[in-house]
Amino acid sequence: MTLEKGVLTSIIGPNGAGKTTLVNLFTGNLPCDSGRLVFDGTEITRLTAHQRVRLGISRSFQITNVFQQMTLAQNLQLPVLARLGRASRPFARPDRDPDVQAEVESLLSDIGLATARDVRAKALPHGDQRLLEIGMAIACRPRLCFLDEPCSGMNPGERAQVQELVRKLTKMRDVTFVIIEHDMDVVFALSDRVIVMHQGSVLAEGKPEAIRNNARVKEIYLGEDVGA
Amino acid sequence: MDGWTTLTKAGRQTRLAAAAWAALAVALLTIPLFGDYVIWLTANMLILALFAVGFNLLFSFTGLLSFGQAGFFAVGGYVCALILLALPSLLLGVIGGVIAAGVVALIIGFLCVRHTEIYFAMLTLAFGMMIHSIIWKWRSVTGGDDGLVGVPRAPLEIPGVLTIEMADLARYYYFVLVLVVLGIFAIWRVVRSSLGLTLQGIRDSESRVTFIGLSVMKYRLIAFTIAGLASGLAGALMVPLGRSASPAIANWTFSAEPVIATLLGGAFTFAGPIVGSFLFYIIKEIVVIFTGYWMMTLGIIVLALVLGFRGGVVSVIQDRLLPLLARRHNDQGGDG
Amino acid sequence: MTFDALVYQGLIGVSLAMYLWLLAAGLTIAFGVLGVVNFAHGSLYMLGGYFAFTFYLTLQMNFWLSLLLAAASGAVIGSIMERFFLRYIYHLDLAYQILLTFGFVLIFADAARIFWGGIPLIPPMPEIFDSTVPIVGRPFPVYNLFVIFVGIAASALLWLLLDKTNWGETVRASASDREMAGALGINIPRLFTIVFAFAAMLAALSGALGTPVRAMTPGIGTSVIIDVFIVTVIGGLGNLPGAFVAALIIGLMKAYGVLLFPDADLFMTYLVMTLVLLFRPKGLLGGR
């Protein structure tokens, strides 16, 4: 499988198709039994997850995985510190570091949660936590960012927000998103390219319109609401 | 579960807490007025407080339960003792003890931090006891089960600058006080730093930390080594106090003391282990008067804490006492 | 070391391994099903030994009866631990469960001191075992052979129980997926109590078996638990066959260590553990 820079790709497929497993393999959460992974000319098959993040691959999680006990600002401070290589400073105060603060503010305003900066993550409503999730994935300044069901559990208004956010971030931060999604509206509205997976392998790929009209794709989705 | 609070919530409580700390400071400074027994007891409390704060960095701020901290305490203590027996410089003894403990912590930590919570607890226990058995067996160096006696309470000497005799218990007490405060302050700074934030991240979600590009193992090792250094300092301070070192300080029942002190005072706070250490000794001194079965009492206390009072004393104060006091003052027409 | 000594000491090692195996089996089963590592497991060994001593010597009961009653007492204590204490904190962080069992270690240590005093206790060897059998031309204590037999019999029974019975299947299912097992109607709380009691029984049995050869002191609980932890780490946590193999390795190391490196024998077990940790962190046979 090839993912192209600058091409916003969605990966879709019925449950159990292996979408999350794929992301786990790409990001290093799961080791490969066979095959090779190459990112921008660099072989990454043997690299650990955190090493891949340093190379520019990040992800968000399907089940919200933020630092629940910390405030929003602190949640974003950590990836920024990590990126700047300042996470191990034993006496430096992160909230007094101007570089860190500037980036955190910019991230907060990007995801639209600037007013909630001092709220603890666990006190945020679900939708805002998902936004934070994306924010943290972006904070690493990735070149390739996997979003695992970013809209899960959200109402239509929130989904629109996520769509907007992804479009905005793609433009502003020069990042290529690869999204796993079930919501077909989002998929077809955002994607430049769609990959359909089925039972562990790629069934079809191409432009959204082509996929929408693909007979085999419709077939495997029989019984599921396409575009509902 | 906030690493950033001391005993505070709102302004009123901040002032109450500040007053409490100030009172504590005054009390600590005037301890020598109360005689040798009280001095000795307080010195032990302070040493345990440092020991427990180091443990708590691992437990509450990194999410690692270690049952082997006594091993590093003992390394610090014995190395200090050996140095003091060879050349009477308190400075070298303490520094030597701390460095030795740190090195040992680094090595053992390297083997332990890659494992999950349960394995980690078991392994730290086993390694702690390994140090115990080395100390027990290596008679020629450590004196075996007799330990090392006659360790001089050497003067604090910076050649050419100053020499302070430490034979006087009160003077040594102040030395302990200063170093314990410095040690605890250093860890306080770490907790509030970028490193501290990272460690708390590991406690909250290791997978998240990995996916922002940090090696969880590396940071656990850093935390483990810091805790080892703190334990080593505590051990190095204790040996000249009693002028002896015994294998009991490497036993896992001794490893349990910072654990229980932290639980008693309140895990997941910074002040908890400190409060708990003082309480621990007070309870011990009282209980020992009535019964020889201190371990059973301690065990019952542990059960009670785990089953009902996991927040420890600090949470009782924070969540129940302080609001009560604040409200009462307001009712009496306080300025608020 | 001659071949004779190899065989002789090897058999001693196997008998030592059997104590460790019974302990490790209990710990592993309890962990597999409940997810808890019982730090008081060694204390249960100690209590089993003390109970056996009381039944056998003080109350002058039959040796076999003493063994059985001691094991049963272990089961009773274990079920009390689980039912009235451990059960209330399963929803909490693992650390608290470990701390709770640690509290019991402290209580049991002093309880032993209260009931049996601090001096080492060692009852006389039961008459039927008070003899030796020539092995490679040297007198080998019959009791050690008995212990080996018990260990192997226990393994067989354990395997039968877990693999061939309905109850065993229930246990293995719950170990594999607690929630699903509960959803299928298995009474998980009661199962937990039974499994924990079973593990405690194995520990107490191990201690009871040891009474004629090993003096009981209140401190023995804490030293035994280290050995069991090392065995478990080497064998892989949750891995029953691994525990057996690891117990054999440690038992043999102790036996040969006493001959070859009399001063460093304690250290040998730590060395093996360190090596396993460095090169096969999940245990020799893999674990959880």
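Note that this is a predicted model, so its numbers are computed, not measured.

### So, the overall build of chain A
Argument step 1. Across its full length, chain A holds nine helices and eight strands.
Argument step 2. Taking 2.2 N^0.38 as the reference for a compact globule, 228 residues should give roughly 17 Å; the C-alpha atoms of chain A span a radius of gyration of 18 Å, in line with that estimate.
Argument step 3. Principal axes of the C-alpha set define a box for chain A whose edges measure 60 × 40 × 30 Å.
Argument step 4. Expressed as a percentage of the 228 residues in chain A, the buried residues total 38%.
Argument step 5. Across chain A, contacts joining residues at least 24 apart in sequence account for 64% of those joining residues at least 6 apart.

### Side note on the packing of helix α4 (residues 90-112) of chain B against helix α10 (residues 216-242) of chain B
Residues and elements named next belong to chain B.
Argument step 1. Contact geometry for α4 and α10: axes closest at 7 Å, N-to-C directions at 145 degrees. As for the relative orientation of α4 and α10, their crossing is right-handed in sense.
Argument step 2. In terms of residue class, the contact of α4 with α10 is made up of 16 nonpolar, nine polar and no charged.

### Comments concerning the interface of chain A and chain B
Argument step 1. The interface of chain A with chain B comprises 30 residues on the first partner and 22 residues on the second.
Argument step 2. Elements with a minimum of two residues in the side of chain A that touches chain B: α2 (49-55), β4 (57-60) and α3 (72-84) of chain A.
Argument step 3. Considering each element in turn, the side of chain A that touches chain B owes the most residues, seven residues, to α3(A).
Argument step 4. Of the residues belonging to the side of chain A that touches chain B, the class tally is 16 nonpolar, eight polar and six charged.

### Quick word on the interface of chain C and chain B
Argument step 1. The partner chain B presents 30 residues to the 34 residues of chain C that form the contact.
Argument step 2. Elements with a minimum of two residues in the side of chain C that touches chain B: α4 (94-116), α9 (220-235) and α11 (265-279) of chain C.
Argument step 3. The biggest single contributor to the side of chain C that touches chain B is α4(C), with 15 residues.

### Let's talk about the environment of A:Ala116
Residue and element names in this part refer to chain A.
Argument step 1. Tracing the sequence through the fold places Ala116 in the loop between α4 (98-111) and α5 (126-139).
Argument step 2. Its 20 C-beta neighbours within 10 Å are what place Ala116 among the buried residues.
Argument step 3. Linking Ala116 and Leu72, residues 44 residues apart in sequence, is a C-alpha distance of 6.8 Å.

### Details of the sheet that holds strand β5 (residues 144-148) of chain A
Residues and elements named next belong to chain A.
Argument step 1. Taken in spatial order, the six strands of this open sheet run β4-β5-β6-β1-β7-β8, and their pairing is mixed. Each end of this open sheet is capped by a strand with a single partner; those strands are β4 and β8 (201-206). Geometrically, the sheet is characterised by an average inter-axis angle of 20 degrees between neighbouring strands, direction not taken into account.
Argument step 2. Where strand β1 (residues 9-12) meets strand β7 (residues 193-198), four bridges bridge the pair, whose relative direction is parallel. Pairing of Ile11 across the sheet is with Ile195, part of β7.
Argument step 3. Along the sheet, α5 contacts β4 and β5; its crossing angle with β4, the most-contacted strand, is approximately 175 degrees.

### Things to note about unusual backbone geometry
Residue and element names in this part refer to chain A.
Argument step 1. With a phi angle near 50 degrees, Asp40 is a residue other than glycine that sits in the positive phi range.
Argument step 2. By the secondary structure assignment, Asp40 is in the loop between β2 (38-39) and β3 (42-43).
Argument step 3. With 11 C-beta atoms packed within 10 Å, Asp40 lands in the exposed category.
Argument step 4. Unusually for a residue other than glycine, Asp174 sits at a positive phi of about 50 degrees.
Argument step 5. Residue position: Asp174 is located in the loop between α6 (156-173) and β6 (176-180).
Argument step 6. Looking at Asp174, the number of C-beta atoms within 10 Å reads 12, which means it is exposed.

### Side note on α5(A)
Residue and element names in this part refer to chain A.
Argument step 1. Between the first and last C-alpha of α5 there are 20 Å, a value that for 14 residues agrees with the 20 Å anticipated at 1.5 Å per step.
Argument step 2. Here α5 has its buried residues at Gln129, Arg130, Leu131, Leu132, Glu133, Ile134, Gly135, Met136, Ala137, Ile138 and Ala139.
Argument step 3. Its buried side turned inward, α5 meets β4, α3, α4, β5 and α6.
Argument step 4. Of the residues flanking the end of α5, it is Arg141, one or two places downstream, whose phi is positive at about 50 degrees.

Parameters at a glance
- Residues numbered from 1 in each chain as written.
- Chains lettered and ligands numbered in written order.
- Predicted model: local features only at pLDDT ≥ 70, side-chain atom pairs only at ≥ 80, totals over all residues.
- Helix = DSSP H or I, 4+ residues; strand = E, 2+ residues; numbered from the N terminus.
- Rg over C-alpha atoms; globule rule 2.2 N^0.38 Å.
- Buried ≥ 20, exposed ≤ 12 C-beta atoms within 10 Å, placed from the backbone.
- Contact = placed C-beta atoms within 7 Å.
- Axes fitted to C-alpha atoms, helices over the stretch in contact; angles between N-to-C directions.
- Left-handed = near helix turned anticlockwise from the far one by under 90°.
- Nonpolar A, V, L, I, M, F, W, Y, C, P; charged D, E, K, R; others polar.
- Pairing = 2+ DSSP bridges.
- Expected span 1.5 Å × (residues − 1).

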